[in-house]
Amino acid sequence: MAKKSMIAREVKRAKQVDKYKLRRDALRSKVVDTSISNDERWQAMMELQKLPRDSNASRRRNRCALTGRPRGYYRKFGLSRNKLREIIMCGDVPGVVKSSW
């Protein structure tokens, strides 16, 4: 089980990413647009840098929905490898079978 503070930090980051997504996308499109002047692009870059650091989506970390474990995360299920194995062995995940050959 991950520390509660780490899980809370990820929740906070997720909220900030959602809050600033539109503003960040608009500024990023201005920065890469070559048709506008360099001064406007520079201003957009400065505004982008003034946004909170945690509002960037790349700072988020995928965590297990049950335990909060950050490593061994399977995106398809939203779980870590340990909990995924437990759930599969109980037969709660439809369509997944233990391989044997």
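Please refer to the structure higher up on the page.
Residues numbered from 1 in each chain as written. Predicted model: local features only at pLDDT ≥ 70, side-chain atom pairs only at ≥ 80, totals over all residues. Heavy atoms only, no water.

What follows is about the nonpolar core. Counting residues in hydrophobic clusters, the biggest one holds six residues: Y20, L27, V31, A44, L48 and L51. Residue assignment for this core shows that the elements contributing at least two residues are α1 (4–32) and α2 (38–50). Ranked by residue count, the leading element in this core is α1, at three residues. When residues no more than four places from it in sequence are discounted, the contact partners of L48 are R24 and L27. (Core = buried A, V, L, I, M, F, W, Y, C linked by side-chain atoms within 4.5 Å. Buried < 20%, exposed > 50% of the residue type's maximum accessible area, 1.4 Å probe, protein only. Helix = DSSP H or I, 4+ residues; strand = E, 2+ residues; numbered from the N terminus. Contact = heavy atoms within 4.5 Å.)

Contact pair α1 / α2: the axes reach a minimum separation of 8 Å and the direction vectors enclose 145°. Viewed along their axes, α1 and α2 form a crossing whose handedness is left-handed. Contact with α1, carried on its side by R24, L27, K30 and V31, involves R41, A44, M45, E47 and L48 of α2 and no other residues of that element. For the contact of α1 with α2, a count of residues per class yields five nonpolar, no polar and four charged. (Axes fitted to C-alpha atoms, helices over the stretch in contact; angles between N-to-C directions. Left-handed = near helix turned anticlockwise from the far one by under 90°. Nonpolar A, V, L, I, M, F, W, Y, C, P; charged D, E, K, R; others polar.)

Looking at the element boundaries, D18 is found in helix α1. D18 sits 83 residues away from W101 along the chain, and the two C-alpha atoms are 46 Å apart.

To continue, consider the side chain of R13. Its place among the elements puts R13 in helix α1. Apart from the residues within four sequence positions on either side, R13 is in contact with D54, R59 and R60.

This part covers the pattern of salt bridges. Evaluation of the coordinates by the stated rule reveals seven salt bridges. Of the charged contacts in the structure, one is a salt bridge between D54 and R13, with a shortest N-O distance of 3.2 Å. Here D54 is found in the loop between α2 and β1 (73–74), whereas its partner R13 is found in helix α1, with 41 residues between them in sequence. By relative accessible area, R13 is classed as buried at 14%. Put simply, E47 and K50 hold a salt bridge, and the shortest N to O gap is 3.9 Å. Separated by three residues within a single helix, E47 and K50 lie in helix α2, roughly one turn from each other. Note on K50: relative accessible area 65%, which makes it exposed. Here the salt bridges do not stand alone but share partners, grouping E10, R13, D54 and R59 into one network. (Salt bridge = Lys/Arg side-chain N within 4 Å of Asp/Glu carboxyl O.)

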